[in-house]
Amino acid sequence: MKRIEPKRVRVDFLVAGAGIAGLSAARTLADEGAEFLVLDEYPFLGGQYLRHREGYRPEDTRTRRSGFELLDWAAGREEFWTSSLIIGCYGDEGEKEVAVSREGEVVVIRPGKIIIATGARERYLPFPGWTLPGVLSVGAVQALIKTSGVLPGKEGIFAGTGPFLLAAAHEFREAGGKVLGIFELNPPGRLLPFLPDLLEWEKLREGTRYLLSLLGRIKFGWRAVRAEAKGEKVEVTLKKGNKRRKSTADFLAIGYGFSPNTELAQLCGCPVEYCPELGGFVVKTAEDLSCAPGIYASGEVTGIGGARKSMIEGRLAALSALGKRDPGLLKARERELSFARRLNTVFSVPLHLWREIPDETIICRCEDVRMGEIRRAVEEGFSLIRELKEATRVTMGNCQGRTCFPIITEYLRALGRRPEPMSVRPPLKPVEMGIFVREWNGLKIGHIGEGLPERGV
Ligand SMILES: Cc1cc2nc3c(=O)[nH]c(=O)nc-3n(C[C@H](O)[C@H](O)[C@H](O)COP(=O)(O)OP(=O)(O)OC[C@H]3O[C@@H](n4cnc5c(N)ncnc54)[C@H](O)[C@@H]3O)c2cc1C
């Protein structure tokens, strides 16, 4: 019986995530002459904001132009490892080991310091039929268009809340699609506190472009409450107060904002706190963005605030990790944070709507757990996420609660319960059994794979 020892790599600074925050951190480290390594699970650099395809690279805002400059700088550099999924972080303070699944094996990185820039994921307000094939997330529609130039259909309906709905609908229209309607959950009056933010030139230009291209298509106060398959199409029931209407399209795109990907930070020992005005559970940092000894967080993980906040924080986190300060940048971050707070507050889902989710609605897509089961379990006294897991298997599927955890959190909050963070353990995302047994076992990291038979290779 022979164990395979995983490859081990030492580096001064490890940047987790190559979105705009990670790229900005890497550029700062490079400019300061530091040794660094950037890891990203995607096969490309740039994360969500800079996702693009050959020949399609819209440089429509100053932030996106700066982002693409970072991308051009990073292209081909050996410090950037794509298709490299971080699956675990172990060890004591100052002696962390980060396990990475890469090219079918585990590589162990021993970094001096870690900058976490793992971004965010989409959020949903579920309704019966939201798991049908004709219902997509707004981000999925956008990703199809941006990365492959493919439209999910000729005619689409967009429903949810937030400016991302408009951005994606605009891109769909520009790519030749027909937008049948954009149904913004919140009424126009609720959006007023956000108007001063649009007075800033870049945002005003972006907002005006969307509004002009989608004029007459935006309806306020409506939400999707049911989707049904009608042949190849999807029939959507929309509701505003007591009014209901039906509309049929090739697809329905839904989006209710974003939720920070805090799992890696949690594994690294960073605390999280619940801030609905920043998108849910966020990594709790000091002003210099440190969240644990030798660990820094930047970008959407510290609060949902968009690409410019991520870019500023990437640079700030890198400077802090190098023991430097930039008061101007700290001020710029403060401005972006207050924008973020208004954004998440204005485009939020009213709490009572979580209580109104019908029993038949699937909540955990992986384990097929419905709202009725969760409601009954809560009535029986299982009110912590941990207890609900045991009672219903919610959050225990393949995606490890990435989709349903924010939903349950909001539901429990709507019932008056205090949100509690989800416990996280490796592997952060599913890995092949071969990696788990053969390679990872070789790490000899206590609880992982313990009890599994050692196998000869
Ligand atoms: C689907 C989607 C689409 C979006 N589209 C837009 C848009 O068009 N315009 C806009 O202004 N904002 C958009 N956003 C908001 C967006 O999050 C920010 O604007 C910006 O991309 C944030 O940058 P970031 O670097 O903080 O995170 P991201 O761009 O999300 O980058 C995080 C990176 O970390 C990597 N990562 C995460 N976990 C691991 C791990 N365990 N191992 C290795 N790598 C990991 C991811 O693969 C990703 O590349 C979108 C968000 C989402 C979720």
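Residues numbered from 1 in each chain as written. Predicted model: local features only at pLDDT ≥ 70, side-chain atom pairs only at ≥ 80, totals over all residues. Heavy atoms only, no water.

(A) Main features of the environment of Arg375. Within the element layout of this structure, Arg375 appears in helix α10 (residues 371-379). Taking the C-alpha atoms as reference points, Arg375 and Gly112, 263 residues apart in sequence, are found 46 Å from one another. Beyond its immediate sequence surroundings of up to four residues, Arg375 is in contact with Arg355, Glu356, Ile357, Pro358, Asp359 and Tyr411. (Helix = DSSP H or I, 4+ residues; strand = E, 2+ residues; numbered from the N terminus. Contact = heavy atoms within 4.5 Å.)

(B) Structural context of the domain arrangement of the chain. What the domain assignment lists for the chain is domain 1 (7-121 + 259-346), domain 2 (124-256) and domain 3 (351-414). For domain 1 and domain 3, the distance between their C-alpha centres works out to 30 Å. Taken residue by residue, the interface counts six residues in domain 1 and six residues in domain 3. Interface area for domain 1 against domain 3, summed over the two sides, is near 490 Å², with a carbon-plus-sulfur share of 59%. Across the contact surface, domain 1 and domain 3 share zero salt bridges. Where domain 1 packs against domain 3, one counts three residue pairs in polar contact (both at pLDDT 80 or more). (Domains from an automatic or database assignment. Buried area = accessible area lost by both parts, 1.4 Å probe. Salt bridge = Lys/Arg side-chain N within 4 Å of Asp/Glu carboxyl O. Polar contact = N/O pair within 3.5 Å; in protein donor to acceptor, adjacent residues only side chain to side chain.)

(C) Region of interest: the pairing of strand β10 (residues 178-184). The buried fraction of β10 is high, at five of seven residues. In this view, the connection linking strand β9 (residues 155-160) to its parallel neighbour β10 by way of helix α4 (residues 163-174) has right-handed handedness. The pairing of β10 with strand β11 (residues 218-220) spans three bridges and is parallel. Residue pairing across strands places Glu184 opposite Phe220, the latter belonging to β11. This β-α-β element, β10 to helix α5 (residues 201-213) to β11, shows right-handed connectivity. (Buried < 20%, exposed > 50% of the residue type's maximum accessible area, 1.4 Å probe, protein only. Right-handed = clockwise from strand over helix to strand, strands pointing away. Pairing = 2+ DSSP bridges.)

(D) Representation of the site of the ligand in the model. Near the ligand you find 29 residues, and of these Ala21, Asp40, Gln48, Ile86 and Gln142 are the closest. Considered class by class, the residues forming the shell around the ligand number eleven nonpolar, twelve polar and six charged. (Near = heavy atom within 4 Å. Nonpolar A, V, L, I, M, F, W, Y, C, P; charged D, E, K, R; others polar.)

(E) Structural detail: the sheet that holds strand β12 (residues 223-230). Strands sit in the order β12-β13-β14 across an open sheet of three strands; the sheet is antiparallel. On the outer flanks of this sheet lie β12 and β14 (243-249), each paired with one strand and no other. Strand-to-strand, the axes of this sheet are offset by a mean angle of 20°, without reference to chain direction. Summarising the sheet, β12 and strand β13 (residues 233-240) pair through seven bridges and their orientation is antiparallel. Residue pairing for β13: Ala224 is matched across the bridge by Leu238. (Axes fitted to C-alpha atoms, helices over the stretch in contact; angles between N-to-C directions.)

(F) Quick peek at the pattern of salt bridges. This structure, assessed with the given rule, holds 20 salt bridges. Linking Glu287 and Arg325 is a salt bridge whose minimum nitrogen-to-oxygen distance equals 3.6 Å. In this pair, Glu287 sits in the loop between β18 (280-283) and β19 (290-292) while Arg325 sits in the loop between α7 (307-321) and α8 (327-346), placing the two residues 38 residues apart along the sequence. The exposed category is assigned to Arg325, whose relative accessible area is 61%.

(G) Quick look at helix α11 (residues 385-392). All of the buried residues in α11 are Ile385, Leu388, Lys389 and Thr392. For α11, the angular spread of the buried residues around the axis is 105°, confining them to a single face. Away from its buried face by more than 90 degrees, α11 exposes Arg386 and Glu390. Close packing links the buried residues of α11 with β22 (369-370), α10 and α12 (404-414). Backbone geometry just after α11 places Arg393 at a positive phi near 75°. (Arc of directions from axis to C-beta.)

(H) Just the packing of aromatic side chains, in detail. Under the definition given, this model contains eleven aromatic pairs. Aromatic pair Phe164 and Phe258: ring centres 5.1 Å apart, planes at 50°, arrangement tilted. With Phe164 in helix α4 and Phe258 in strand β16 (residues 258-260), the pair connects residues that are 94 residues apart, well separated along the chain. Note on Phe164: relative accessible area 22%, which makes it partly exposed. Three or more aromatic residues joined by ring pairs form one cluster here, namely Phe36, Trp73 and Phe80. Note that Arg51 overlies the ring of Tyr42, its terminal NZ or CZ placed 5.6 Å from the centroid. The ring of Trp222 has Arg245 sitting right over it, with the charged end atom 5.6 Å from the ring centre. (Phe/Tyr/Trp six-rings, centres within 6.5 Å; stacked < 30°, edge-to-face > 60°. Lys NZ or Arg CZ within 6 Å of the ring centre and 35° of its normal.)

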